[in-house]
Amino acid sequence: AKVQQLLAAFRGRNQSGGHADITEPIRRFLMPRSECEFQLSAILEDLQQDPWPVQAAFRPLRCTGAALSVAVSLLALGFQGTGGRVLLFTSGPCTVGDGMVVTTKLEERLRSHHDIKKGEATHYEKAEQFYQGLASRLVKNGHACDIFACSLDQLGLMEMRHLFERTG
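From a predicted model like this one, the values you see are computed outputs, not experimental measurements.

Student: How do you make sense of helix α4 (residues 64–79) when you look at a structure like this?
Tutor: Spacing of three or four residues puts side chains on the same side of an α-helix, whose turn is 3.6 residues. Its 16 residues place the ends of α4 22 Å apart at the C-alpha level, agreeing with the 22 Å of an ideal helix rising 1.5 Å per residue. Looking only at α4, the buried set comprises T64, G65, L68, V72, S73, L74, L75, A76 and G78. Count one or two residues on from α4 and you reach G81, which has phi positive near 80 degrees.

Student: Teacher, can you tell me more about helix α6 (residues 124–141) here?
Tutor: End to end, α6 covers 26 Å across 18 residues, agreeing with the expected 26 Å (1.5 Å per residue, within 8%). Next to the buried residues of α6 lie α4, β1 (84–90), α5 (113–118), β2 (143–149) and α7 (157–167). Once α6 finishes, G142 follows within two positions and takes phi at roughly 75 degrees, a positive value.

Student: How should I be thinking about the pattern of salt bridges in this particular structure?
Tutor: As a working rule, side chains carrying opposite charge can pair if their charged atoms are close by. The final tally for this structure, using the stated rule, is 4 salt bridges. Across the pair R85 and D146 runs a salt bridge whose closest N-O atoms are separated by 2.4 Å. Linking R85 in strand β1 with D146 in strand β2, this pair joins segments that are 61 residues apart in sequence. Note that R109 is salt-bridged to D115, the shortest N-O span being 3.1 Å. On the basis of relative accessible area, R109 is assigned to the exposed category, the value being 55%.

Student: Would you explain the nonpolar core in this entry?
Tutor: Grouped burial of nonpolar side chains is what soluble globular proteins tend to show. Among the nonpolar cores identified, the biggest contains 21 residues, and L68, Y131 and L163 are the most heavily contacted of them. Secondary-structure elements contributing two or more residues to this core are α4, β1, α6, β2 and α7. No other element matches the 6 residues that α6 contributes to this core. For L163, the contacting residues outside a window of four places in its chain are L68, Y131, L134, A135, L138, C145 and I147.

Student: Which parts of the structure should I look at to understand the pairing of β1?
Tutor: Successive residues of a regular strand alternate their side chains across the two faces of the sheet. With burial as the criterion, only one face of β1 is covered, namely that bearing G84, V86, L88 and T90; the residues R85, L87 and F89 on the opposite face remain uncovered. Across 7 bridges, the pairing between β1 and β2 is parallel. Within the sheet, the bridge partner assigned to T90 lies in β2 and is A149.

Student: Even after reading the chapter, I still don't get the environment of G92, so can you show me in this structure?
Tutor: By the secondary structure assignment, G92 is in the loop between β1 and α5. As for G92 and C150, which are separated by 58 residues in sequence, their C-alpha atoms are 8.0 Å apart. Residues contacting G92, with those up to four places away along its chain left out, are R62, Q154 and L155.

Student: Looking at this structure, I do not really get the packing of aromatic side chains. What am I missing?
Tutor: The tally for this structure, following the rule as stated, stands at 2 aromatic pairs. Taken together, a centroid distance of 4.8 Å and an interplanar angle of 10 degrees make the contact between F89 and F148 stacked. Of the two residues, F89 sits in strand β1 while F148 sits in strand β2, which places them 59 residues apart along the sequence. Overall, F89 belongs to the partly exposed group, its relative accessible area being 43%. When the ring of F130 is compared with that of Y131, the centres are 5.2 Å apart and the planes differ by 70 degrees; the resulting orientation is edge-to-face. Relative accessible area serves as the criterion here: at 18%, F130 is assigned to the buried category.

Cut-offs applied
- Residues numbered from 1 in each chain as written.
- Predicted model: local features only at pLDDT ≥ 70, side-chain atom pairs only at ≥ 80, totals over all residues.
- Heavy atoms only, no water.
- Helix = DSSP H or I, 4+ residues; strand = E, 2+ residues; numbered from the N terminus.
- Expected span 1.5 Å × (residues − 1).
- Buried < 20%, exposed > 50% of the residue type's maximum accessible area, 1.4 Å probe, protein only.
- Contact = heavy atoms within 4.5 Å.
- Salt bridge = Lys/Arg side-chain N within 4 Å of Asp/Glu carboxyl O.
- Core = buried A, V, L, I, M, F, W, Y, C linked by side-chain atoms within 4.5 Å.
- Pairing = 2+ DSSP bridges.
- Phe/Tyr/Trp six-rings, centres within 6.5 Å; stacked < 30°, edge-to-face > 60°.

Now the structure itself:
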């Protein structure tokens, strides 16, 4: 609802004087696959090290869950019932907000498979429920989520598994 409200601010007037379709501002953020190959290649080629410094003894701030939630909302608002795909490129655990699997403090170690098995993973259940909810929204709208990641055991894929298992 918040994304829809924010996008309404971008909505212009159509030629008949009424408000334009909500999908017009969404198209600023989404594009057909045929048009995005060049853009995606350009983005990947231009990747640079994050210019924001990370304090010693802390992890970088990553709001992966929030970013995924916005992407899912954009697809749902503009293309409900139409095939769509969210591509997540990630290299570390979500450390802030919904979907968080570890805090930013390095003194808190990332949970291991043994911690999950023993029920000692502090953020596991809450993060899993969040990503399960996102997966349900994706499935309901006929969309899929692809995750491109490195160091698979270090970023919370166990919590995110519903995203790729349920959406193909």
